[in-house]
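Listed below are the residues making up each chain.
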Amino acid sequence: MEKTLTDERILYSICTSDELLADFLKEIARRLKEERLRQDMDVATLSELSSINNSIIYRYEKGTNQVSLQVLIKIASALKLDIAKMIPINTSQKEETVGEKFSYIVRGQSKESIEVILKAIENVIGFCEAERRIKYQEEEKIKETK
């Protein structure tokens, strides 16, 4: 029986590894830029459509800033994209996206319900980031005592 990674295991790995999280967010930024260029849209136009400062968009595309969920949604909306295609998850069998699973889960839900679900996801991601910071601080304290 071939082992595959579940979304839960992949997300746990991303939440517990700074390198995986950084790669994950860079891939999202790469896909957003690729789509902007595919649509022959300049950053100024995307900035106007998404209400996000163009210097922030440049930083996201370069990977110097991490893409927040709120910004991802605004940019995806401005590009008329299904957000599912922007969030990559690789398994041993094929490439899937957490967003595709999300789209399936929220099918038929009201806009308000979807917003509540997105807020919950944003909170989980924030929790993962806080957990990583705590772990890092604990590791630093251990190093200082040695």
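Residues numbered from 1 in each chain as written. Predicted model: local features only at pLDDT ≥ 70, side-chain atom pairs only at ≥ 80, totals over all residues. Heavy atoms only, no water.

## Some points on the overall build of the chain
Part 1 of the argument: If you tally the helices and strands in the chain, you get seven helices and two strands.
Part 2 of the argument: N-terminal to C-terminal, the α/β element order of the chain is α-α-α-α-α-β-β-α-α.
Part 3 of the argument: Partitioning the contacts of the chain with sequence separation of at least 6, the portion at a separation of at least 24 is 57%. (Helix = DSSP H or I, 4+ residues; strand = E, 2+ residues; numbered from the N terminus. Contact = heavy atoms within 4.5 Å.)

## Regarding the nonpolar core
Part 1 of the argument: Counting residues in hydrophobic clusters, the biggest one holds 24 residues, and the most contacted among them are Ile 28, Leu 32, Leu 46, Leu 72, Ile 75 and Leu 79.
Part 2 of the argument: Elements with a minimum of two residues in this core: α2 (18–38), α3 (43–50), α4 (54–62) and α5 (69–78).
Part 3 of the argument: Those residues in contact with Ile 75 that sit more than four places away from it in its chain are Leu 32, Leu 46, Ser 50, Ile 52 and Ile 57. (Core = buried A, V, L, I, M, F, W, Y, C linked by side-chain atoms within 4.5 Å. Buried < 20%, exposed > 50% of the residue type's maximum accessible area, 1.4 Å probe, protein only.)

## Here's the deal with the confidence of the model for the chain
Part 1 of the argument: Across the chain, pLDDT averages 76, with 76% of residues at or above 70.
Part 2 of the argument: Under a pLDDT of 50 for its full length, residues 1–5 has, in the predicted model, eight contacts with residues more than four places off or in other chains. (pLDDT = per-residue confidence, 0-100.)

## Here we look at the pattern of salt bridges
Part 1 of the argument: What the rule picks out here adds up to six salt bridges.
Part 2 of the argument: The salt bridge partner of Arg 30 is Glu 34, with a shortest N-O separation of 2.7 Å. Remark: Glu 34 and Arg 30 occur in helix α2; sequence separation between them is four residues, near one turn of the helix.
Part 3 of the argument: Residue classification places Glu 34 among the partly exposed positions, given a relative accessible area of 47%.
Part 4 of the argument: For Arg 36, the salt bridge is made with Glu 61, and the minimal N-O distance between the two is 2.7 Å. Separated by 25 residues along the polypeptide, Arg 36 in helix α2 and Glu 61 in helix α4 bring together distant segments of the chain.
Part 5 of the argument: Residue classification places Glu 61 among the buried positions, given a relative accessible area of 15%.
Part 6 of the argument: Three or more residues are tied together by salt bridges with common partners; here these are Glu 27, Arg 30, Arg 31 and Glu 34. (Salt bridge = Lys/Arg side-chain N within 4 Å of Asp/Glu carboxyl O.)

## Topic: the side chain of Arg 36
Part 1 of the argument: Here Arg 36 falls in the buried class, since its relative accessible area comes to 6%.
Part 2 of the argument: Ignoring sequence-local partners within four residues, the contact set of Arg 36 consists of Met 41, Asp 42, Val 43, Leu 46, Glu 61 and Leu 79.

## Structural notes on empty space enclosed by the protein
Where empty space is left becomes clear once a probe the size of a water molecule has been rolled over the atoms.
Part 1 of the argument: Tallied over the entire structure, the rule returns one cavity of 30 Å³ or more.
Part 2 of the argument: Empty space within the largest cavity amounts to approximately 40 Å³.
Part 3 of the argument: Forming the boundary of the largest cavity are Ala 29, Leu 32, Lys 33, Leu 46, Ile 57, Tyr 60, Glu 61 and Ile 75.
Part 4 of the argument: For the lining of the largest cavity, the secondary structure elements donating two or more residues are α2 and α4.
Part 5 of the argument: Per-class residue counts for the lining of the largest cavity are six nonpolar, no polar and two charged. (1 Å grid on protein atoms, 1.4 Å probe; cavity = no way out; pocket = protein on both sides within 12 Å on 5 of 7 lines; lining within 4 Å. Points joined across faces, edges and corners; volume = space filled by probe spheres on them. Nonpolar A, V, L, I, M, F, W, Y, C, P; charged D, E, K, R; others polar.)

## Regarding unusual backbone geometry
Part 1 of the argument: Notably, Ser 51 is not glycine yet its phi reads approximately 60 degrees, a positive angle.
Part 2 of the argument: Within the fold, Ser 51 resides in the loop between α3 and α4.
Part 3 of the argument: The exposure class of Ser 51 is exposed, given its relative accessible area of 62%.
Part 4 of the argument: You will see that Lys 80, though not glycine, has its phi angle at about 55 degrees, which is positive.
Part 5 of the argument: Here Lys 80 is to be found in the loop between α5 and β1 (88–90).

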